[in-house]
Amino acid sequence: MSQIPTIELTSGNSIPQLGFGVYQIDPDETAGAVKTALDIGYRHIDTAEMYQNEAGVGQGIRDSGIDRADVFITSKLNNGFHEPDAARKAFDETLSKLGFDYVDLFLIHWPLPTRYGGDFVSTWQTLEEFRRDGRAKSIGVSNFQVHHLERLATQSDTVPAVNQIEVHPYFVNEEVRAYCAEHDIAVEAWSPIAQGKVLDDPVVTQIAEAAGRTPAQVVLRWHIQRGDIVFPKSVTPKRIEENYALFDFELSQHDVDALTALDRGEDGRTGPNPDTFDYIPD
Ligand code: NAD
């Protein structure tokens, strides 16, 4: 079994640099996929209220027989619940669906600057309550741009432990990563293989061929060497295993730079722009 490095968060906790993401995994399939990942060796699961599969995550962990304390669990506040009372209720439900009395990390999923009068600060202050009462060991944000982070820095007391943002070779998101590096905010790279879109790129396939690795492994290893946290998603056991085998090879700096140079700027995004995204699920 390979050894997964951990990253120290400013909250004092540490997070495994590689985890398992469960976005778009059917609620009925989630417990099985999570148990498969845990059997392989993963100890970090990334879910969200929006994914509607928190119950399956909790079940998969219990089915694995692994101690709750040995698994790092992240969930995220759904977009409809930014007002403080709604956030408190939603967080209670997250814990009840997971079937545990704490999460390791709880995030504001999207800043939604065009909703709630642009007020994500009171939402953040509500997450600070969850951290104070110990039900969220760490708190952080997701999809926050530099100007959102700057606002939290001037209007609140806690620096987010992480910012979970879209990052992959077609969208390197360097401005936000640089701000996070400067302020000790760990970067979690979502859609790390761009939902598969980067895997056929000739630069990726050539590096993979030379390394005797798969395209997915090469791209995930690129994230690891750049210091970001990743949690690729798959329901296929063979791929879940493949995505875990990242710690017995290394890319040269030349290869890392060649993958970074695939950046397409804003055109490379696979997901929405956080400055305009305003989706609230039914
Ligand atoms: P991803 O980049 O992990 O790609 C997943 C897709 O790639 C899978 O559906 C599968 O078809 C394919 N795939 C996986 N492993 C493969 C392999 N070894 N070879 C070939 N194809 C493979 O995309 P994602 O699921 O969008 O992102 C990962 C996780 O990031 C999510 O599950 C979720 O936890 C998180 N996420 C967060 C946000 C956010 O707004 N915070 C947004 C999107 C995703």
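In case you missed it, the structure is sitting above this.
To start, this report covers the structure provided alongside it. Quick caveat, the model's predicted, so the values are computed rather than measured. (Residues numbered from 1 in each chain as written. Predicted model: local features only at pLDDT ≥ 70, side-chain atom pairs only at ≥ 80, totals over all residues. Heavy atoms only, no water.)

1. Concerning the layout of surface pockets
Taken as a whole, the largest pocket holds about 820 Å³ of empty space. Surrounding the largest pocket, 37 residues form its lining, Tyr-23, Gln-24, Ser-191, Gln-195 and Lys-233 being those nearest its centre. When its volume is computed, the second largest pocket comes out at roughly 260 Å³. In terms of lining residues, the second largest pocket is bounded by 15 residues, among which Glu-49, Met-50, Asn-78, Phe-81 and Lys-97 are the most central. The dominant element in the lining of the second largest pocket, judged by the number of residues it contributes, is helix 3 (residues 84-98), at 4 residues. (1 Å grid on protein atoms, 1.4 Å probe; cavity = no way out; pocket = protein on both sides within 12 Å on 5 of 7 lines; lining within 4 Å. Points joined across faces, edges and corners; volume = space filled by probe spheres on them. Helix = DSSP H or I, 4+ residues; strand = E, 2+ residues; numbered from the N terminus.)

2. Digging into the pattern of salt bridges
Under the defined criterion, the tally for this structure stands at 12 salt bridges. Residue Lys-89 is joined to Glu-93 by a salt bridge in which the shortest nitrogen-to-oxygen separation is 3.8 Å. Of this pair, Lys-89 and Glu-93 both sit in helix 3, 4 residues apart, which is roughly one turn of that helix. Of the residues examined, Lys-89 reaches a relative accessible area of 56% and is grouped as exposed. For the salt bridge of Asp-133 with Arg-135, the shortest nitrogen-to-oxygen distance reads 3.2 Å. Looking at Asp-133, the relative accessible area reads 42%, which means it is partly exposed. Using a relative accessible area of 24% as the deciding quantity, one classes Arg-135 as partly exposed. By sharing partners, the salt bridges in this structure join Asp-85, Arg-88 and Glu-129 into a single network. (Salt bridge = Lys/Arg side-chain N within 4 Å of Asp/Glu carboxyl O. Buried < 20%, exposed > 50% of the residue type's maximum accessible area, 1.4 Å probe, protein only.)

3. Side note on the site of the ligand
Around the ligand, a shell composed of 27 residues is seen, among which Asp-46, Ser-142, Ser-191, Gln-195 and Asn-243 lie nearest. In this structure, Glu-242 approaches the ligand through a side-chain N or O atom, which is 3.0 Å from a nitrogen atom. Of all the cavities here, the one that holds the ligand is the largest pocket. Here the residues of the shell around the ligand are counted per class, giving 12 nonpolar, 10 polar and 5 charged. (Near = heavy atom within 4 Å. Polar contact = N/O pair within 3.5 Å; in protein donor to acceptor, adjacent residues only side chain to side chain. Sits in = over half its atoms within 2 Å of the grid points. Nonpolar A, V, L, I, M, F, W, Y, C, P; charged D, E, K, R; others polar.)

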